[in-house]
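Summary of the model geometry
Below are the chains, spelled out letter by letter.
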Amino acid sequence: MYGEPEKRSSRHTGAVVDRDRGPGVVRDRRSDEDPWAARWDAEAVREEVLGGRPLVVVDRCTSALRTGYTGPSAVAALRPALAIGCYAAWDPALADLVVAAEDRTRVRSVAERHGWPRRVRHEAARHLLKLDRPPVVVTGGADLRLDELTGPGSTAASIDPGVRVTLESKPLLDDLLRAAGVPTVSRVRSVHVDRLPSPAELRRAVGTERVVVQAGGPGGSGTVVVSGEGDMGRAARLLGPYRVAAYVDGWPVAITVLSVPDGRGGVRVYADRPAHLTTGVAEPSAGPVSAAGADWSRPWPAPAAALLIECAERVALWAWRRYGAAGMFGLDALLTPDERIYLTALRWRRQRRDEVEAANQQAVGLPPFVLGQLAVMLGRPVGWLGDAAEFNQLTLLRATQPGGPFAVRLRLAEGPAVRMAGGQGSGVYRLDRDGRARWVRRAAHAAQAACDDGEFLLADLPGPDVACHPGADLGTLEGVTEGGTRPFHEPASVSPFTRTILSAVSDLLVPWSRP
């Protein structure tokens, strides 16, 4: 299904990096025996990219950027001086100092997931005053008020918020794609409306029985698939204007891109291996835990991957010419069973799935894209990535082969409040003979678990004294596979491997009772 090519060897391609090609890089030819080998001059990175300024991360997970500073190919300069967020971190994924709302509330819930900034604002301000220089701030949210959390003098490693609102506006997506020269074959038939007409009129406008209604900008206010009158109530609750598109049956996919000014008036565009996405899978056999996530290990049909990379390049070049926008961004799309690509969203920011995706760059001997993002936002050179055409050709080659990282987000789907009573917190686990999850060792990087040998990483788990309410995040299941492990079976179905682990995680939960 979805055009998988014949499986080939998943051995990663080596790479050579050199000090004169970028800050902090030490020449180190990797070998097949050590596919993650790379060495980094942490102080050179800190001085040449950050200018000696402290790094602050503002993210729901205070362990953000951990893939960059833990595990193989670690860049120590990516360990934040201060992490501000909702969920507590764990050793070895600790910033120098952590301010987490969860440490105060001992609660995980939908309300806390969205309302945590107000709980940490004052404590964060006190610690920010102690920094010896204005910080560089990395965030993973679309709607965070950074000025309220980081104060004056800080530099946000992101594009202008007004530009981002325009680039990510769902009602403007089709105009943007046309302006960028994205091929017609990759654009879904759609219309822009200020008010929603009847379902019959919507169907006539886009030519399909089912239509997709979208509204909102960064973060979005929602997406509703309309099959009949019963769905119009939910669609009408969205705040217009609206993008109404034809429904396309396909596997949700995404690609992360880094565009870098070339110093000659243009940009170089580097595309990472695209991912297959799965959202909102809940299976009764796996207990009260739902799953969603991204899989970079599933092979791609080469023409579809090449077209997605081409579309990303066109969007990056247009955004630079029109708005001077560069840095990290993501394109969402649909991959149909007949291997066609349709673009569905643009997200010009670092996203939470980029945390595990960074392993893709490390697997070819390079630092995570987020280091390039920092350099771009601070006007520093990004020489370590080399020629963009060669980089993207390597991405295309690797995309057609099995093997790579994956991340499955775990959430409490239903039932009463619970707490995590089993295990020893985040780290590498393995299932015992009875199917129970047994803690093996401390870790914070997906590659530190021998995934194809039965190990897996559980990250960002709540502590045993944290009450988790329905809808709360329970953490992520992560790993790097050579192709022998499949996290998802189809777009809306987890694999037997993931189903077994979901069940084991459910067994770690017990009903919450107040002390």
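Note that the coordinates shown come from a computational prediction; the quantities given were computed from them, not determined experimentally.

1. Points about the overall build of the protein
A count of helical and extended segments in the protein gives 14 helices and 26 strands. Taking all 515 residues of the protein together, the buried fraction comes to 57%.

2. Focus on the environment of A359
As for its position among the elements, A359 is in helix α11 (residues 354-362). Residue class for A359 comes out buried when judged on its relative accessible area of 2%. The spatial distance from the C-alpha of A359 to the C-alpha of G68 is 8.3 Å, given a sequence separation of 291 residues.

3. A word on the pattern of salt bridges
Here the idea is simple: oppositely charged side chains can pair when their charged atoms come close. Summed over the entire model, instances satisfying the criterion amount to 28 salt bridges. Salt-bridge contacts for R430 lead to E455; the nearest nitrogen and oxygen are separated by 3.4 Å. On the criterion of sequence distance, the pair formed by R430 in strand β19 (residues 427-431) and E455 in strand β21 (residues 455-459) is long-range, its members being 25 residues apart. You can call R430 partly exposed: its relative accessible area is 30%. For D432, the salt bridge goes to R438, with nearest N and O atoms at 2.8 Å. Given the relative accessible area of 23%, D432 is considered partly exposed. R438 sits in the partly exposed class, given a relative accessible area of 40%. Salt bridges sharing common partners tie together D59, R350, R352 and E355.

4. A closer look at the confidence of the model for the protein
Per-residue confidence for the protein averages 87 on the pLDDT scale, and 88% of its residues sit at or above 70. Taken as a whole, residues 1-33 scores under 50 in pLDDT and shows 96 contacts with residues more than four places along the chain or in a different chain.

5. Some remarks on the sheet that holds strand β9 (residues 222-226)
Strand order in the open sheet formed by four strands is β7-β10-β8-β9, with antiparallel pairing between adjacent strands. At either end of the open sheet lies a strand with only one pairing partner, and these are β7 (190-193) and β9. Ignoring which end each strand starts from, the neighbouring axes of this sheet average 20° apart. Strands β8 (211-215), β9 and β10 (242-246) of the sheet are contacted by helix α9 (residues 229-236), whose axis makes an angle of about 165° with β9.

6. Observations regarding helix α6 (residues 161-168)
Along α6, the positions that sit buried rather than exposed are V163, R164, L167 and E168. The arc that holds every buried residue of α6, seen down its axis, measures 120°, which confines them to one face. As for α6, its buried residues are in contact with α7 (173-179), α10 (302-323) and β16 (341-347). Structurally, the start of α6 carries an N-cap: the backbone nitrogen of G162 is 2.9 Å from a side-chain oxygen of D160.

7. Brief notes about unusual backbone geometry
Backbone torsion omega between D91 and P92 reads 15°, so that peptide bond is classified as cis. Within the secondary structure, P92 sits in the loop between β2 (82-85) and β3 (98-100). With an omega dihedral of 5°, the bond running from G240 to P241 counts as a cis peptide bond. Take P241: it is sitting in the loop between α9 and β10. The phi dihedral of E339 is positive, around 70°, even though this residue is not glycine. The phi angle at D460 is positive, at roughly 60°, despite the residue not being glycine. With respect to the helices and strands, the residue D460 is situated in the loop between β21 and β22 (467-468).

8. Thoughts on the sheet that holds strand β6 (residues 155-156)
The strand order across the open sheet formed by five strands is β3-β2-β1-β5-β6, and the pairing between neighbours is parallel. Two strands in the sheet have a free side with no partner beyond their single neighbour: β3 and β6. By the bridge criterion, three bridges tie strand β1 (residues 55-58) to β2 in an arrangement that is parallel. Paired with V58 across the strands is I84, a residue of β2. Across the face of the sheet, helix α4 (residues 110-129) comes into contact with β1, β2 and β3 while running at roughly 160° to β2.

9. Concerning the pairing of strand β23 (residues 473-481)
Within β23, nine of the nine residues are buried, which leaves the element mostly enclosed by the surrounding structure. When strand β17 (residues 404-412) meets β23, the two strands line up antiparallel, connected through eight bridges. Bridged to V408 within β23 is L477. Here β21 runs beside β23; their pairing, made up of three bridges, is antiparallel. Bridged to L457 within β23 is E478.

10. Focus on the pairing of β16
Burial analysis of β16 places six of its seven residues in the buried class, the great majority of the element. Where strand β15 (residues 327-335) meets β16, six bridges bridge the pair, whose relative direction is antiparallel. Residue pairing in the sheet places L335 in a bridge with I341 of β16. Adjacent in sequence and paired antiparallel, β15 and β16 are bridged by five residues, among which E339 carries a positive phi angle near 70°.

Conventions and cut-offs
- The residue count restarts for each chain, going from 1 along the sequence in the order it is written.
- With pLDDT at 70 or above as the cut-off, local features in this predicted model cover only qualifying residues; side-chain atom pairs require 80 or more to be listed or tallied, and sums for whole chains, interfaces and linings still use all residues.
- The basis for every side-chain value is the complete set of non-hydrogen atoms in the structure, without hydrogens or water.
- In this description a helix means any DSSP run of H or I spanning at least four residues, a strand means any run of E spanning at least two, and both kinds are numbered starting from the N terminus.
- The buried label goes to any residue with under 20% of its type's maximum accessible area, the exposed label to any with over 50%, and the partly exposed label to all in between, with areas taken from a 1.4 Å probe on protein chains only.
- By convention in these notes, a salt bridge is any Lys or Arg side-chain nitrogen within 4 Å of a carboxyl oxygen on Asp or Glu.
- Confidence of the predictor at the level of single residues is captured by pLDDT, which takes values from 0 to 100.
- When checking whether two residues touch, look at their non-hydrogen atoms; a contact exists if any pair is within 4.5 Å.
- We treat two strands as partners when DSSP finds at least two bridges between them.
- Axis definition: a line fitted to C-alpha atoms, limited for helices to the stretch in contact. Angles are taken between N-to-C directions and run from 0 to 180 degrees.
- What the arc measures is the spread of directions leading from the helix axis to the C-beta atoms.
- Between N or O atoms, a polar contact is any pair within 3.5 Å; within protein, one atom must be a potential hydrogen donor and the other a potential acceptor, and residues adjacent in sequence are included only when both atoms are from side chains.

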